[in-house]
Structures are given as C-alpha cells and as structure tokens.
Amino acid sequence: MKYSGWPEPGELVVGRVDDIEDFGVFVDLLEYEDKRGLSHISEVASGWIKNVRDHVSEDQRVVAKVLDVDEGSQQIDLSLKDVNDHQRKDKIQEWKNEQKADNWMEIAFGEDLDGDRYAEIANTFLAEFGTLYDGFEQAAIHGEEALEETALTEDDIAAIVETARDNVSVPYVTVTGYVDLECPASDGVDIIREAMQAAEGNGDVPEEVDLEVTYVGSPEYRIEVQAPDYKTAESHLEESADRAAAVVAEYGGTAQYHRERHEDDD
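The residue numbering used here restarts from 1 in each chain and proceeds along that chain's sequence as written. Residue-level local features of this predicted model are given only where pLDDT is at least 70; pairs of side-chain atoms are given and counted only at 80 or more, and the full residue set underlies all totals for whole chains, interfaces and linings. Values shown for side chains rest on all heavy atoms present in the structure; no hydrogens or waters enter the calculation.

- Named according to an unreviewed UniProt entry, the chain is Translation initiation factor 2 subunit alpha (AeIF-2a) originating from Halovenus aranensis.
- Under the UniProt heading Sequence similarities (unreviewed entry), the entry covering the chain gives this text: "Belongs to the eIF-2-alpha family." UniProt positions are given in the numbering used here, feature names are shortened, and annotations may be inferred rather than shown by experiment.

Okay, here's the thing in structure tokens:
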C-alpha cells in the first residue's frame with residue numbers, strides 16, 4: 001500500500017536512491033505515490049563530503065527524515081544523516097511488515113481487489129490499529145473479537161482472521177510463577193489434584209493463552225503462562241494461582257503464591 005498524500009516534517013520515510021548529483025541525492029519515497037525527495041549534500045552525512053557517491057549508491061534503500069514539505073513546488077527536503085542506526089533498523093522493519101500485510105490483503109480478498117475496496121479496508125485497519133500489520137496481528141491473536149467493533153462485514157472479518165492465523169507469526173511472552181499448596185484433609189491428594197485442574201482453568205482459558213501447571217516438589221507447583229503480551233500473561237498467572245488457592249481453602253488448606261522458586265528446592 002502506498003499513501004496518496006504527503007509525508008509530514010519530522011517523519012521517517014523509506015526510499016530508494018534514484019539519482020546522485022554533486023549537490024545531493026534524489027530519493028524515491030517507497031511509501032508514497034509519485035513522491036520524490038532531495039537530500040542536499042549537507043544532509044547526506046556528517047562532516048565534510050568530498051564525493052557524495054562515497055556515502056550512497058544508486059538503487060540503495062535508505063531511511064530519511066523529512067525536513068520540509070512544499071506541496072506547491074512539489075518539493076520534499078530530506079536528511080539522511082539525521083537518522084541513527086536504531087531508527088533506521090526499526091523503520092525498515094516497519095516497512096517490511098507493511099509489505100507483508102499488503103500481501104496478506106491479496107490473500108484475504110484476492111489479487112483483483114480494486115483500489116477503493118482496498119482503501120476502505122485499509123483505512124479501517126489504520127483507524128483501529130495504526131497499521132495494516134498490527135491489524136492482522138491482532139486478528140491472529142484475538143480472532144473475530146479484535147475486529148468486532150469495526151464496520152467490516154462478517155465475511156470480511158472471517159477472511160481476515162483466516163488469513164492472519166495462516167500467515168502471521170505472533171510474538172508471545174512467557175511468565176512463570178509458583179504456588180505452594182497444602183491440605184490437611186484425609187483426601188488431600190485429590191483436593192490438590194482438583195486445585196491443579198482449577199489452576200489450569202478447567203478448559204476456560206482464552207485461545208490466545210497457553211497455561212500449564214506442573215509439579216515441582218512438595219508442596220510447590222509451577223505455573224507457566226504464554227500470552228501475546230506481559231499484561232495478559234501476568235493477569236492469567238495470578239488468576240491461575242487464585243483459583244488453586246480457592247480450592248484448597250475450601251477444605252481448610254493453605255496456598256502461597258510466589259514468583260521465584262524456593263532456593264532450598266534447587
């Protein structure tokens with residue numbers, strides 16, 4: 001997807017070096033339709049520049065900072081030197097992600113998807129999630145729920161979710177905690193087993209969350225949660241421990257939740 005408008009001053013843009021002159025570098029902006037910018041020689045690199053070609057080459061992919069935009073004269077002033085390595089790496093990754101999302105749009109809706117229809121769906125994603133890629137990522141994680149507040153049709157949502165879950169590599173985080181379970185009742189072993197099942201959610205854990213409870217050593221049990229983000233993972237970790245504690249407490253038992261394994265059990 002290419003934007004039809006103009007970049008904003010201060011924005012980082014991805015471009016391809018189109019032409020190199022003694023006074024500077026012309027750059028085709030890969031994210032914008034028919035937009036070209038100029039990086040004056042003084043903005044190509046820090047310090048004195050003897051030869052511009054010592055710093056850039058034709059067809060090289062670059063990340064530039066937009067200094068000024070003059071729509072009247074169709075001029076975009078760019079700086080290559082004002083972009084550090086970290087910014088360059090992040091921007092290139094963001095651009096690659098949007099290229100992937102653009103391909104996923106074709107998979108979901110077909111290669112003959114017309115421009116207006118594309119723009120309608122893409123603008124919905126941009127308004128709700130910020131980027132196309134983030135929209136597909138949320139659809140992969142949360143399914144139809146991620147899109148239910150949008151104006152997209154049920155068929156559109158189904159196509160997006162199916163494509164997302166077939167193609168998006170979802171980033172997950174893993175957190176671990178421990179709970180000590182003790183129960184003095186005569187059938188304490190069965191009660192502990194019931195508590196472990198409760199900790200695992202009894203099949204009621206959301207699809208995007210993977211939760212596992214394992215025995216470490218009496219009376220300690222490990223709870224491991226894998227989820228799309230730390231907030232979600234931490235929440236389910238604590239809820240898991242609370243469910244186990246509620247079961248043993250009902251039978252006069254005790255539970256102690258802690259994040260680190262007891263040292264004397266190592």
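### Remarks on the packing of helix α1 (residues 85-109) against helix α2 (residues 115-129)
Packed helix pairs are characterised by how far apart their axes lie and by the angle those axes make with each other.
Logical step 1: The axes used here are C-alpha line fits, helices contributing only the stretch in contact, and every angle between their N-to-C directions lies in the interval 0 to 180 degrees. Helix numbers and strand numbers start at the N terminus; a helix is a DSSP run of H or I with at least 4 residues, a strand a run of E with at least 2. Across the interface, α1 lies against α2 with an axial gap of 12 Å and an inter-helix angle of 115 degrees. Of the two elements, α1 crosses α2, and the hand of that crossing is right-handed. Contacts between α1 and α2 involve Asp102, Met105 and Phe109 on the former and, on the latter, Arg117, Tyr118, Ile121 and Ala122. The sense of a crossing depends on the near helix, which, turned anticlockwise from the far helix by less than a right angle, makes the crossing left-handed and, turned clockwise, makes it right-handed. By definition in these notes, contact holds between two residues if any of their heavy atoms fall within 4.5 Å.

### Quick word on helix α4 (residues 154-167)
Logical step 1: Here, expected helix span is obtained from the residue count minus one, scaled by 1.5 Å. Along its 14 residues, α4 runs 20 Å from first to last C-alpha, staying within 8% of the 20 Å computed at 1.5 Å per residue.
Logical step 2: Burial in α4 covers these residues: Asp156, Ile157, Ala159, Ile160, Val161, Thr163 and Ala164. Exposure categories follow from relative accessible area, calculated using a 1.4 Å probe and restricted to protein chains: below 20% of the type maximum is buried, above 50% is exposed, and the middle band is partly exposed.

### Examining the packing of aromatic side chains
Logical step 1: Only the six-membered ring of Trp is used, alongside the rings of Phe and Tyr, when aromatic pairs are assigned; centres must lie within 6.5 Å, and planes under 30 degrees apart are stacked while those over 60 apart are edge-to-face, with the rest tilted. Evaluation of the coordinates by the stated rule reveals seven aromatic pairs.
Logical step 2: Grouping aromatic residues by their ring pairs yields a cluster made of Trp104, Phe125, Phe129, Tyr133 and Phe136.
Logical step 3: We call a charge positioned above a ring when the Lys NZ or Arg CZ atom is no farther than 6 Å from the ring centre and deviates by at most 35 degrees from the ring normal. For the cation-ring pair, Lys35 lies above Trp6, with the distance from its terminal atom to the ring centre recorded as 4.7 Å.

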